[in-house]
Amino acid sequence: MKMNFFLDFKKIFGYKAAVLIVLSFLSLGLFARDLNLAYLPPQAAKTGDNKYQLVKDFDSSVKQMKALVVGDDMIKDELLTDEENYRVHVFYNLKKSAPWHKIYVIEWDDKVFARVFK
């Protein structure tokens, strides 16, 4: 009788441990995905911590970002500076619980980057 209880306990513990291991691997895979890419144009590529390179030119990238946030009254945008070889456009998220609060689209030496600030 004691031996059956021990074997049943071993089976149950083995199944629970296997499920825990599988769920751990799944959660690591979900969190490995960069969630900021959902707020950027589709061609964005991560180059660093919260820094992304955009393939298109500055005007096209800003137009795509505006298309992503159209209709959301809590997101405002403005052109901060427009100098030769350097332009910055910022998107503000006014929601307190938002995953991002500012996204800067920056053109510098014919390269376009996006910086996300939380």
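As shown above, the structure is provided for reference.
Residues numbered from 1 in each chain as written. Predicted model: local features only at pLDDT ≥ 70, side-chain atom pairs only at ≥ 80, totals over all residues. Heavy atoms only, no water.

Draft legend 1. Structural view of the overall build of the protein chain. From N to C terminus, the protein chain includes two helices and six strands. When the helices and strands of the protein chain are listed from N to C terminus, the series reads α-β-β-α-β-β-β-β. Across the 118 residues in the protein chain, those meeting the buried criterion constitute 25%. Taking contacts inside the protein chain between residues at least 6 apart in sequence as the whole, the part at least 24 apart equals 34%. As presented, the protein chain carries roughly 8900 Å² of accessible surface, and 62% of it is formed by carbon and sulfur atoms. (Helix = DSSP H or I, 4+ residues; strand = E, 2+ residues; numbered from the N terminus. Buried < 20%, exposed > 50% of the residue type's maximum accessible area, 1.4 Å probe, protein only. Contact = heavy atoms within 4.5 Å. Areas by Shrake-Rupley, 256 points an atom, 1.4 Å probe, with all protein chains shown as cover.)

Draft legend 2. Highlighting the packing of aromatic side chains. With the rule as written, the count across this model stands at one aromatic pair. Pairing Y104 with F117 gives two aromatic rings, centres 5.6 Å apart and planes at 85°, and the pair type is edge-to-face. Residue Y104 is found in strand β5 (residues 102-108), and its partner F117 is found in strand β6 (residues 111-117); the two are separated by 13 residues along the sequence. For F117, a relative accessible area of 37% gives the class partly exposed. (Phe/Tyr/Trp six-rings, centres within 6.5 Å; stacked < 30°, edge-to-face > 60°.)

Draft legend 3. Region of interest: the side chain of E107. By the secondary structure assignment, E107 is in strand β5. Not counting chain neighbours up to four residues away, the residues in contact with E107 comprise F58, N85, Y86, R87 and V112.

Draft legend 4. Layout of the pairing of β6. As judged from the four bridges shared by strand β2 (residues 51-54) and β6, these two strands associate in the antiparallel manner. Counterpart to Y52 in the pairing with β6 is A114. Relative to β6, β5 runs antiparallel, the two sharing seven bridges. Along β6, the bridge assignment pairs K102 with F117. (Pairing = 2+ DSSP bridges.)

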